[in-house]
Amino acid sequence: YEMIGQGKTEGVFQLESAGMKSFMKELKPTNLEDVIAGISLYRPGPMDFIPKYIKGKQNQDSIQYTCPELEEILAPTYGCIVYQEQVMQIVQVLAGFSLGQADLLRRAMGKKKHAILMAQKESFLKGTAANGIEDSLANTIFDLLTHFADYGFNKSHSAAYALVAYQTAYLKAHYPQEFMAAMLSSVMGTNDKIGFYIERCKHMGIAVLPPDVNASLASFSVDNLSIRFGLAAVKNVGENAIVNLIKARTDKGPFTSLVDFCTKVDMRLVNKRVIEKIGRASC
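Looking at the overall build of the protein
- Per the secondary structure count, the protein includes 15 helices and three strands.
- Scaling as 2.2 N^0.38, a compact globule of 283 residues should have a C-alpha radius of gyration of about 19 Å, whereas the protein reaches 28 Å, well beyond that.
- Seen along its three principal axes, the alpha-carbon backbone of the protein occupies a region of about 90 × 35 × 25 Å.
- Residues counted as buried form 43% of the 283 residues belonging to the protein.
- Of the contacts formed within the protein by residues at least 6 apart in sequence, a portion of 54% connects residues at least 24 apart.
- Accessible surface for the protein amounts to roughly 14,700 Å². Of this, 54% is attributable to carbon and sulfur atoms.
- Distance between charge centres in the protein, computed from 31 positive and 28 negative side chains, equals 10 Å.

Description of unusual backbone geometry
- Not every positive phi belongs to a glycine, and lysine 28 is a case in point at roughly 50°.
- Tracing the chain through its elements places lysine 28 in the loop between helix H2 (18-27) and helix H3 (32-41).

Here we look at the environment of leucine 171
- If you trace the backbone, leucine 171 turns up in helix H10 (residues 155-174).
- Once the C-alpha coordinates of leucine 171 and valine 12 are considered, the two residues, 159 residues apart in sequence, prove to be 9.3 Å apart.
- Those residues in contact with leucine 171, other than ones at most four positions away along the chain, are Pro176 and Phe179.

Some remarks on helix H8 (residues 114-130)
- Between its first and last C-alpha atoms H8 spans 25 Å; for 17 residues at 1.5 Å apiece the expected length is 24 Å, and the two agree.
- The largest bend in H8 amounts to roughly 30° and is located at lysine 121.
- Looking at H8, one finds that the buried residues are Leu117, Gln120, Lys121, Phe124, Gly127 and Thr128.
- Where H8 terminates, the next one or two residues include glycine 132, which has phi positive at roughly 80°.

A look at the pattern of salt bridges
- Under the counting rule described, the total for this entry stands at twelve salt bridges.
- One salt bridge connects lysine 247 with aspartate 251, and the closest N-O pair in it is separated by 2.7 Å. Of this pair, lysine 247 and aspartate 251 both sit in helix H13 (residues 239-252), four residues apart, which is roughly one turn of the helix.
- Here the residues in one salt-bridge network are Glu10, Lys21, Lys172 and Arg200, joined through shared partners.

Considerations on the nonpolar core
- Among the nonpolar cores identified, the biggest contains 50 residues, and Leu15, Phe23, Ile90 and Phe124 are the most heavily contacted of them.
- If one sorts the elements of this core by residue count, helix H6 (residues 84-95) sits on top with six residues.
- With near-sequence residues (within four places) excluded, phenylalanine 23 lies in contact with Gly38, Leu41, Tyr42, Ile50 and Ile54.

A word on the sheet that holds strand S2 (residues 221-223)
- Taking strand neighbours across the sheet as the criterion, the three strands line up as S1-S3-S2 in an open arrangement whose pairing is mixed. Bordering the open sheet on either side are strand S1 (208-209) and S2, each of which pairs with just one other strand.
- In the sheet, S2 pairs with strand S3 (residues 226-228) via three bridges, with the strands oriented antiparallel. Its bridge partner lying in S3, aspartate 223 is registered against serine 226.

Regarding a nonpolar patch on the surface
- A surface patch of nonpolar side chains, amounting to about 470 Å² of accessible area, comprises Tyr1, Tyr166, Tyr170, Leu171 and Tyr175.
- Positionally, tyrosine 1 belongs in the segment before helix H1 (2-5).

Points about the packing of H8 against helix H9 (residues 135-148)
- Between H8 and H9, whose axes approach to 10 Å, the crossing angle comes to 150°. Put simply, H8 runs roughly antiparallel to H9. Crossing hand, H8 versus H9: right-handed. Contacts between H8 and H9 involve His114, Leu117, Met118, Gln120, Lys121, Phe124, Leu125, Thr128 and Ala129 from the first element and Asp135, Ala138, Asn139, Ile141, Phe142, Asp143 and Thr146 from the second.
- When the residues that make up the contact of H8 with H9 are grouped by side-chain class, the tally is eight nonpolar, five polar and three charged.

Notes on the side chain of lysine 57
- Relative to the helices and strands, lysine 57 resides in helix H4 (residues 50-58).
- Looking at lysine 57, the relative accessible area reads 16%, which means it is buried.
- In this structure the side chain of lysine 57 is engaged in a polar contact, spanning 3.0 Å, whose partner is the side chain of threonine 30.
- Beyond its immediate sequence surroundings of up to four residues, lysine 57 is in contact with Leu27, Lys28, Pro29, Thr30, Asp34 and Tyr78.

What counts, and at which threshold
Residues numbered from 1 in each chain as written. Predicted model: local features only at pLDDT ≥ 70, side-chain atom pairs only at ≥ 80, totals over all residues. Heavy atoms only, no water. Helix = DSSP H or I, 4+ residues; strand = E, 2+ residues; numbered from the N terminus. Rg over C-alpha atoms; globule rule 2.2 N^0.38 Å. Buried < 20%, exposed > 50% of the residue type's maximum accessible area, 1.4 Å probe, protein only. Contact = heavy atoms within 4.5 Å. Areas by Shrake-Rupley, 256 points an atom, 1.4 Å probe, with all protein chains shown as cover. Lys, Arg positive; Asp, Glu negative; His and termini not counted. Charge placed at Lys NZ, Arg CZ, Asp CG, Glu CD. Expected span 1.5 Å × (residues − 1). Bend = angle between axes of the 7 residues up to and from the residue. Salt bridge = Lys/Arg side-chain N within 4 Å of Asp/Glu carboxyl O. Core = buried A, V, L, I, M, F, W, Y, C linked by side-chain atoms within 4.5 Å. Pairing = 2+ DSSP bridges. Patch = residues over 30% accessible without salt bridge, like charges linked within 9 Å, V, L, I, M, F, W, Y side chains within 5 Å. Axes fitted to C-alpha atoms, helices over the stretch in contact; angles between N-to-C directions. Parallel < 35°, antiparallel > 145°, perpendicular 65-115°, else oblique. Left-handed = near helix turned anticlockwise from the far one by under 90°. Nonpolar A, V, L, I, M, F, W, Y, C, P; charged D, E, K, R; others polar. Polar contact = N/O pair within 3.5 Å; in protein donor to acceptor, adjacent residues only side chain to side chain.

The following block contains the structure:
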């Protein structure tokens, strides 16, 4: 979480955009719940509530609830409505909605069906009146729920994303060379992304070594505390050439010179163009 809070999330699922990094640096998440909420909030609409969420996390004495019944439901998100599941809880607790009615409301919110939402209002007001909640307060709460319908998101979706975000952040924090080697391998077909992640490796203190016919694999790989450039990332070096090159050095030993290299590989596969490309990339 410290790494996430510092915005060092390049390559971390869902958390590597500039805007999300800035948000995480302000939020400074300390648990998975914060990451789940962050992924839900960082979208058009919910973004309006980001300052309130951050303020609530940093100063929980500042949190105010429209009515006492909302505290238990909204306390995990510092007084903000963030998830569809919270809306379902609110209408159940305040208006006595059944699980079926609450789910109907949730589905209407998810599909932006405002007509259905408004049809539920009468049932909601009847339920809140029966529970002793004033009409003016009940109307305020329902209007808030209706506004939420413009951007409602379910927690289960965010939680699944947040779990992968946590796992990738954990791998980056504890196995940085392996993680960045895997990231570079995943973008081998995109030169600008390779350049971006190589630059990030430098910021992390990880050297990216040039391709080497005796050390490189097809993909980027870990070489002691460094990362070795993958042969498949060298332009115009095909898969068959790489397979033959690696097999030749495995079966016949390391290459000791250019002549030795040309003697051991199949020159029909590892031709002059391949040798030139690898040679230039190694400089």
